[in-house]
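Results of the structural survey
Each chain, letter by letter, is given below.
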Amino acid sequence: MNLQNEQIPRIIGVYSGSKKGPLLFVTAGVHGNEPSGVLALQKMFSELQHAKPYISGTIVGVLGNRAALQTGQRFIDEDLNRAWTEKKVTAESAPTSEQQEMKEIIAVLERFPEEAYTKRYFLDCHTTSAETLPFISVQNVGDNDAWAHHFPVHIVRGFSDLVYGCIDHYFSRIGITGFVLEAGQHDSVDSAANHEAILWLALQEACGLNLHTLISYPKCVQTLTKSNTTWKTFEIAYRHELKKEDTFEMQPGFKNFQKIEKDQLLALQNGKEVRSLWNACIYMPLYQSQGNDGFFVVKEVNGK
Ligand SMILES: [Zn+2]
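Residues numbered from 1 in each chain as written. Predicted model: local features only at pLDDT ≥ 70, side-chain atom pairs only at ≥ 80, totals over all residues. Heavy atoms only, no water.

**Let's talk about the overall build of the protein**
Using the following cut-off: Per the convention used, a helix needs a DSSP run of H or I reaching at least four residues, while a strand needs a run of E reaching at least two, with both numbered from the N terminus. Computation of the radius of gyration draws on C-alpha atoms alone. For the globule rule, the value is 2.2 Å times the number of residues to the power 0.38. The criterion used for residue contact is that any of the two residues' heavy atoms lie within 4.5 Å. Accessibility throughout is a Shrake-Rupley quantity obtained with a 1.4 Å probe, and a residue counts as covered only by protein chains that appear here. Residues counted as positive are Lys and Arg, residues counted as negative are Asp and Glu, and His and the chain ends are not counted. A single reference atom marks each charge: NZ on Lys, CZ on Arg, CG on Asp, CD on Glu.
A count of helices and strands for the protein gives nine helices and 14 strands. Its C-alpha atoms give the protein a radius of gyration of 19 Å, within 12% of the compact-globule value 19 Å for 304 residues. In terms of overall dimensions, the protein has a C-alpha envelope of 60 × 50 × 35 Å along the principal axes. In the protein, the share of contacts with a sequence separation of at least 24, taken over all contacts with a separation of at least 6, comes to 71%. Total accessible area computed for the protein in this model is approximately 13600 Å², and 48% of it derives from carbon and sulfur atoms. Distance between charge centres in the protein, computed from 29 positive and 35 negative side chains, equals 4 Å.

The structure is reproduced here in structure tokens:
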């Protein structure tokens with residue numbers, strides 16, 4: 001599953017209903033080693049073009065890190081999902097490949113202005129290096145969290161408050177409602193299906209799509225909604241940030257949201273043991289060479 005050497009246009013697809021309604025602005029491949037969201041969007045737009053179902057408003061699918069997707073790397077010069085700071089967004093120049101990508105994505109968004117829609121939503125598609133159930137990462141501002149609770153997946157609050165320069169922080173800052181969807185492990189076949197399922201559900205929830213008006217009811221939606229998992233809401237309790245010079249090796253086999261106990265060995269950092277200080281759950285353990293965070297710890301929020 002990769003998109004290397006493929007020339008995919010910045011706009012993967014646009015589909016509109018005849019009536020004014022909301023905008024659903026979907027970004028995928030903001031990390032170049034995460035093609036799953038792009039594949040899901042391509043499949044979705046192809047089905048929309050065939051079935052031509054009624055929706056109110058517009059869905060647009062936008063390619064994230066175009067240059068990095070072509071080489072299959074997470075990024076070229078800097079992490080595109082750390083570049084959306086006030087300073088870099090407003091800078092005249094774009095000295096890195098990623099800042100150029102960012103300017104191009106903003107230029108696409110400007111073609112879908114606030115006044116043309118009843119509301120604007122965003123959805124940013126990612127995958128993780130560790131095995132995981134699909135989940136939403138949401139910044140708890142405006143109505144983001146209430147919107148996120150329309151979907152049958154775990155919800156984690158607060159990532160983009162801790163990690164500076166995420167694309168969802170930018171969208172939220174300019175008044176667009178939405179979240180990040182982490183659909184599964186980078187190479188898992190389930191990831192594209194999970195992306196696709198949440199995209200269909202988002203189109204149903206935001207733009208009134210009746211999923212029965214498609215040529216066939218999407219299997220991926222059935223699979224996700226029939227899962228027996230109890231979906232929970234979590235908050236981030238701790239971030240294990242790494243310095244550039246650190247050597248870091250996560251203990252093998254941790255799955256995202258796996259329970260951890262106090263004193264459990266989690267990783268080796270510069271040859272020294274890193275042990276848990278919490279009875280909680282591990283979140284985003286690092287199993288790839290590029291990345292600034294070793295792991296996070298999350299705690300379940302009672303009563304959501
Ligand atoms: Zn990502």
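**With respect to empty space enclosed by the protein**
Heads up, the condition is: A pocket here means an open set of points on a 1 Å grid, computed over the protein atoms alone, that has protein on both sides within 12 Å along at least five of seven lines. A cavity is instead a set of points where a 1.4 Å probe fits but cannot get out; residues with an atom within 4 Å of a point line either one. Grid points are joined across faces, edges and corners, and a volume is the space filled by probe spheres set on the points. Each residue receives one of three labels: charged for Asp, Glu, Lys and Arg, nonpolar for Ala, Val, Leu, Ile, Met, Phe, Trp, Tyr, Cys and Pro, and polar for the others, Gly being one of them.
Evaluated as defined, the whole model comprises two cavities of 30 Å³ or more. Put simply, the largest cavity is a space of about 330 Å³. Taken together, 27 residues line the largest cavity, and the ones lying closest to its centre are Arg 74, Arg 82, Phe 159, Glu 182 and Met 284. Those elements that provide at least two residues to the lining of the largest cavity are strand S4 (120–128), strand S7 (177–185) and strand S14 (293–300). In terms of residue count, the dominant contributor to the lining of the largest cavity is S4 (three residues). Grouping the constituent residues of the lining of the largest cavity by class yields nine nonpolar, twelve polar and six charged. One number sums up the size of the second largest cavity: a volume of about 30 Å³.

**A word on helix H1 (residues 36–51)**
As a reminder of what qualifies: Each residue after the first adds 1.5 Å to the expected span of a helix. When accessible area is computed with a 1.4 Å probe and restricted to protein chains, residues below 20% of their type maximum are described as buried, those above 50% as exposed, and intermediate ones as partly exposed.
Its 16 residues place the ends of H1 23 Å apart at the C-alpha level, agreeing with the 22 Å of an ideal helix rising 1.5 Å per residue. For H1, every residue scored as buried is listed here: Ser 36, Gly 37, Val 38, Ala 40, Leu 41, Met 44, Phe 45 and Leu 48. Buried residues in H1 make contact with strand S1 (11–16), strand S2 (23–28), strand S3 (58–63), helix H2 (66–71), S4 and helix H8 (189–207). Of the residues flanking the end of H1, it is Lys 52, one or two places downstream, whose phi is positive at about 45 degrees.

**Quick word on the side chain of Asn 65**
Following the sequence through the fold, Asn 65 ends up in the loop between S3 and H2. Judged by relative accessible area, Asn 65 falls into the buried class, the value being 0%. Contact partners of Asn 65, with chain neighbours within four places excluded, come to Gly 29, Val 30, Gly 32, Arg 74, Phe 75, Leu 80, Glu 98 and Glu 101.

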